[in-house]
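Architecture at a glance
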Amino acid sequence: MADVPSESPVVVVGAGQAGLAVSYELTARGIDHVVLERDRIGQTWRGLWDSFCLVTPNWTMSLPGAAYAGDDPEGFVPREDIVRYLEQYASAFGAPVREGVGVDSLEPGSTGGFVLRTSAGEVHAETVVVCTGAYQRPHRPDVAAALPRDVLAIDAKDYQDPAALPSGKVLVVGSGQTGCQISEELQESGRDVFLACGRAPWLPRRVDGRDIVSWLKETAFFDTTLSALPSPAARLGANLQVTGRRGGHDLHYRTLQAMGVRLLGRLAGLEARRAHFADDLADSVAFGDARYADIRTLLTEQLAAKGVTAPELPDPPPFHADPPRELDLAGFGAVIFTAGFRPDYEHWVRFPAFDGMGFPLTDNGSSTVVPGLFFCGVHFMRKRKSAVLFGVGEDAAVVAQSIAHNRLHALPT
Ligand SMILES: Cc1cc2nc3c(=O)[nH]c(=O)nc-3n(C[C@H](O)[C@H](O)[C@H](O)COP(=O)(O)OP(=O)(O)OC[C@H]3O[C@@H](n4cnc5c(N)ncnc54)[C@H](O)[C@@H]3O)c2cc1C
């Protein structure tokens, strides 16, 4: 059993990149703390499917104090190397991580501060930083409840590889990054794949000899704030369709269609064994093309302002499809849901500290409701890059600085 103190001035919950980056920044400021992790360091990356490779280029593995030092900055390492990077990061500064310690609830302490009820007993803290993941609870559309019981239905987090699925056709529901990658792998393995598509932006992997993420990093794209989105709900929108597998390549509606994946509209209903799909595939592709056009404009305008020649992004070719509106699920071995994620704090963080979608109400990571409560690694917490490998460090530093400030001002005079 991990050696867990019953009291710690600061407790960080979660040892993914966000928890570790916060720990690094607290350590740098000499702030005593402990990091409680219910599984192992980098558990979310460990749990991704077997063939997963980083989607952003290798240079994005650049947490505070640990800039990417490898010889393939625009390559895409497999998941094991991401985990190794995080483990080495933690040991390099002696992060006080206690693995195998799950926090079941976070509640007000009887005399102030917080009490964390954990699998290793109660821990009392003055300050808590919740770093339990950017992508927490897999989302399934409501209609999923009516699936026939004899068809295996899983979320992407339970997908490992094609051989582990029952034989037969596969319906993938959700065409974000994950849905596209799983569809590609299944189609290549010889399965008949049907992909129920939603709206997602897409981009080519490389342009003018550089990775698209490297180009975007030159603009304000990753610094976009929540208030600049068209609506708060846009925060739940899909990330860019692209892949890092086999050295990285384009992967979107058109590439999937060309390789034989059957694209469909959104899954709209299920009746006995019949699945119904909306008549919206063309609209979804048009949405993706419009975001592509937005990004072309952004690159052209913002790079020109810096005196850099923008890469040439070609017009997308016309898109044609005549998808069926109904499918008989006889002969289907599995349905895989890849329809995004929702926040999942409220069942264990016993404070009214969240908005209507379940996101924490924060100002620069500090709860605007509960003094002493902080968050890090939340998608769009401060910026678009708040939850990604190369962006979380900036937020971690801001959070650690606030904690240092609060502690200084709380000292007895
Ligand atoms: C499929 C997929 C691909 C992605 N690809 C990229 C990419 O290419 N590049 C990129 O920069 N980002 C990518 N991301 C986004 C992001 O970098 C990852 O989601 C990353 O894991 C987020 O790190 P985190 O530390 O915020 O959360 P996590 O890595 O999820 O870490 C949270 C940790 O908290 C622990 N935990 C949770 N609840 C508790 C509890 N109650 N008590 C104790 N411990 C708890 C978990 O076990 C976990 O280890 C991807 C995300 C997904 C889902």
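The structure under discussion appears in the preceding block.
Note that the structure is predicted; figures quoted are calculated from it, not measured.

Criteria and thresholds
Residues numbered from 1 in each chain as written. Predicted model: local features only at pLDDT ≥ 70, side-chain atom pairs only at ≥ 80, totals over all residues. Heavy atoms only, no water. Helix = DSSP H or I, 4+ residues; strand = E, 2+ residues; numbered from the N terminus. Rg over C-alpha atoms; globule rule 2.2 N^0.38 Å. Buried < 20%, exposed > 50% of the residue type's maximum accessible area, 1.4 Å probe, protein only. Near = heavy atom within 4 Å. Polar contact = N/O pair within 3.5 Å; in protein donor to acceptor, adjacent residues only side chain to side chain. Areas by Shrake-Rupley, 256 points an atom, 1.4 Å probe, with all protein chains shown as cover. Nonpolar A, V, L, I, M, F, W, Y, C, P; charged D, E, K, R; others polar. Pairing = 2+ DSSP bridges. Axes fitted to C-alpha atoms, helices over the stretch in contact; angles between N-to-C directions. Contact = heavy atoms within 4.5 Å. Core = buried A, V, L, I, M, F, W, Y, C linked by side-chain atoms within 4.5 Å. Expected span 1.5 Å × (residues − 1). Arc of directions from axis to C-beta. Phe/Tyr/Trp six-rings, centres within 6.5 Å; stacked < 30°, edge-to-face > 60°. Lys NZ or Arg CZ within 6 Å of the ring centre and 35° of its normal. Parallel < 35°, antiparallel > 145°, perpendicular 65-115°, else oblique. Left-handed = near helix turned anticlockwise from the far one by under 90°.

1. As for the overall build of the protein chain
Within the protein chain one finds 8 helices and 21 strands. Its C-alpha radius of gyration of 22 Å places the protein chain within 12% of the 22 Å reference for a compact globule of 413 residues. With the principal axes as the frame, the protein chain shows a C-alpha extent of 75 × 60 × 40 Å. Here the protein chain, with 413 residues, has 51% of them falling under the buried criterion.

2. Side note on the site of the ligand
Within the structure, the ligand sits among 31 residues, and Glu 37, Thr 44, Val 55, Thr 56 and Leu 389 are positioned closest to it. Side-chain polar atom of Thr 56 to a nitrogen atom of the ligand: 2.8 Å apart, as the coordinates give it. Coverage of the ligand by the protein chains reaches 94% of its 970 Å² of free accessible surface. Of all the elements in the fold, those that place two or more residues in the shell around the ligand are α1 (17-28), β2 (33-37) and α2 (43-46). The element contributing the most residues to the shell around the ligand is α2, with 3 residues. When its residues are assigned to classes, the shell around the ligand shows 17 nonpolar, 11 polar and 3 charged.

3. Some points on unusual backbone geometry
For Asp 208, which is not glycine, the phi torsion reads 45° and is therefore positive. Secondary-structure assignment places Asp 208 in the loop between β11 (206-207) and β12 (210-211). Look at Ala 272: it is not a glycine, yet its phi comes out positive at around 50°. The topology assignment puts Ala 272 in the loop between β14 (267-271) and β15 (274-277). With relative accessibility at 66%, the residue Ala 272 sits in the exposed group.

4. Quick look at the sheet that holds strand β9 (residues 169-173)
Taken in spatial order, the 5 strands make up an open sheet running β8-β17-β9-β10-β13, and their pairing is parallel. Among the strands making up the open sheet, the edge pair consists of β8 (152-155) and β13 (262-264). Each strand of the sheet is rotated relative to its neighbour by a mean of 20°, with strand direction disregarded. Bridge count for β9 against strand β17 (residues 332-337) is 5 bridges, and the pairing is parallel. Across the sheet, residue Val 170 finds its bridge partner in β17, namely Ala 334. Its contacts with the sheet place helix α4 (residues 177-188) against β9, β10 (193-196) and β17, and it is angled at close to 170° to β10.

5. Some points on the nonpolar core
Membership of the largest hydrophobic core comes to 89 residues, with the highest contact counts inside it found for Leu 106, Val 129 and Leu 373. In terms of residue count, the dominant contributor to this core is helix α3 (residues 79-92) (6 residues). Contacts of Leu 106, omitting those with residues within four sequence positions, involve Phe 114, Val 115, Leu 116, Val 128, Val 130, Trp 348, Val 349, Arg 350, Phe 351 and Leu 373.

6. Some points on the sheet that holds β14
The strand order across the open sheet formed by 3 strands is β14-β15-β16, and the pairing between neighbours is antiparallel. Only two strands of the sheet have a single partner each, and these edge strands are β14 and β16 (326-328). Between one strand and the next, the sheet's axes are offset by a mean angle of 20°, whatever the strand orientation. In this structure, β15 lies alongside β16, joined through 3 bridges in antiparallel fashion. Across the sheet, the residue bridging to Ala 275 is Leu 327, located in β16.

7. Brief notes about helix α8 (residues 392-410)
For α8, spanning 19 residues, the distance from its first C-alpha to its last is 27 Å, which sits close to the expected 27 Å at 1.5 Å a residue. Every buried residue belonging to α8 is among Val 392, Gly 393, Asp 395, Ala 396, Val 399, Ala 400 and Ile 403, and all of these are buried. Buried residues of α8, viewed axially, fall in a sector of 160°; they line one side. Pointing more than 90 degrees away from the buried face of α8 are the exposed residues Leu 408 and His 409.

8. Overview of the packing of aromatic side chains
By convention here, two paired aromatic rings are described through the distance between centres and the angle between planes. Counting across every chain of the model gives 16 aromatic pairs. Geometrically, the ring pair formed by Phe 354 and Phe 375 is edge-to-face, given 5.9 Å between the ring centres and 80° between the ring planes. Taken together, the residues Phe 354 in the loop between β18 (341-342) and β19 (362-363) and Phe 375 in strand β21 (residues 373-375) connect sequence positions 21 residues apart. The residues Phe 354 and Phe 375 share a single accessibility class, namely buried. Cluster of aromatic residues (ring-pair linked, three or more members): Tyr 24, Tyr 85, Tyr 89 and Phe 93. The lysine or arginine in question, Arg 210, covers the ring of Trp 215, its NZ or CZ lying 4.9 Å from the ring centre. Just above the ring of Phe 221 sits the side chain of Arg 384; from NZ or CZ to the centre is 4.0 Å.

9. Topic: the packing of α1 against α3
Relative to each other, α1 and α3 sit at 20°, their axes nearing to 10 Å. With respect to α3, the element α1 is oriented roughly parallel. Handedness of the crossing formed by α1 with α3: left-handed. On the side of α1, the interface is formed by Gln 17, Leu 20, Ala 21 and Tyr 24, while α3 contributes Leu 86, Tyr 89 and Ala 90. Across the contact of α1 with α3, the residue classes tally to 6 nonpolar, 1 polar and no charged.

Without other data, these values stay purely geometric and don't point to any function.
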